[in-house]
Structure formats: C-alpha cells, structure tokens
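# Chains, contacts and geometry: an overview
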Amino acid sequence: MVDFVERLKDPRSLVCGVSAAMADKFDWSCMWTRVVCAVAIFCNPAMGLLTYFVLALVLPKWEKPY
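Anyway, here's the lowdown on the structure attached to this text. Computed from a predicted structure; not experimentally measured.

The secondary structure content of the protein amounts to four helices and zero strands. Counting from the amino terminus, helix and strand elements in the protein follow one another as α-α-α-α. Per-residue burial over the protein gives 26% buried out of 66 residues. The contacts of the protein with a sequence gap of at least 6 include a subset with a gap of at least 24, amounting to 50%. In the structure as shown, the protein presents an accessible area of about 5000 Å², 71% of it carried by carbon and sulfur atoms.

At a closest axis distance of 5 Å, the pairing of helix α3 (residues 30–43) and helix α4 (residues 45–58) adopts a crossing angle of 135 degrees. Our classification of the angle between α3 and α4 gives oblique. Across the interface between the two elements, Ile41, Phe42 and Cys43 from α3 touch Pro45, Gly48, Leu49 and Tyr52 from α4. A class-by-class count of the residues in the contact of α3 with α4 yields six nonpolar, one polar and no charged.

With that settled, consider a nonpolar patch on the surface. Where nonpolar side chains cluster on the molecular surface, the patch consists of Phe26, Trp28, Met47, Leu50, Val54, Leu57, Val58 and Trp62 and spans about 810 Å² of accessible area. Per element, the largest residue contribution to the nonpolar patch is five residues, and it comes from α4. Along the chain, leucine 50 turns up in helix α4.

On to the environment of valine 58, then. The residue valine 58 is located in helix α4 in this model. The exposure class assigned to valine 58 is partly exposed, which follows from its relative accessible area of 43%. Distance in space between the C-alpha atoms of valine 58 and valine 18 is 9.6 Å, their sequence separation being 40 residues.

Calculation criteria
- Residues numbered from 1 in each chain as written.
- Predicted model: local features only at pLDDT ≥ 70, side-chain atom pairs only at ≥ 80, totals over all residues.
- Heavy atoms only, no water.
- Helix = DSSP H or I, 4+ residues; strand = E, 2+ residues; numbered from the N terminus.
- Buried < 20%, exposed > 50% of the residue type's maximum accessible area, 1.4 Å probe, protein only.
- Contact = heavy atoms within 4.5 Å.
- Areas by Shrake-Rupley, 256 points an atom, 1.4 Å probe, with all protein chains shown as cover.
- Axes fitted to C-alpha atoms, helices over the stretch in contact; angles between N-to-C directions.
- Parallel < 35°, antiparallel > 145°, perpendicular 65-115°, else oblique.
- Nonpolar A, V, L, I, M, F, W, Y, C, P; charged D, E, K, R; others polar.
- Patch = residues over 30% accessible without salt bridge, like charges linked within 9 Å, V, L, I, M, F, W, Y side chains within 5 Å.
- Salt bridge = Lys/Arg side-chain N within 4 Å of Asp/Glu carboxyl O.

Take a look at the structure:
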C-alpha cells in the first residue's frame, strides 16, 4: 500500500500526465488530484475519459496566469 501511495504522489506522468499537470498548474496535491480524477472516471467513464483526453490536448498549451 505504501508503494501505491508513493506512486500517486510522484509527479511523473501516468498515461498522459493530465493529473500531474493540473496539480502543477494550480498548486494542488498530485496524489489527491489523481484520486479525484480516478473517482470521476470511475463514476462516469465516458465523460471522464473524454474530459481527460481533452485536457491532455489543452493543458500543454495553457500558460500559468502568474
């Protein structure tokens, strides 16, 4: 279980790195951002995955506001 939690906290990308990029851009916890994304995808897979891949395309082009 400790290895799993450490993997969630690691800022390197999993799949497209959307959760890590969002956590970095908004200064959120990487682990909790990934947990919330996983729950959203689990609850509504079609909409969650669509949102995930749209963010994968948009986030690299989005600048930090500060």
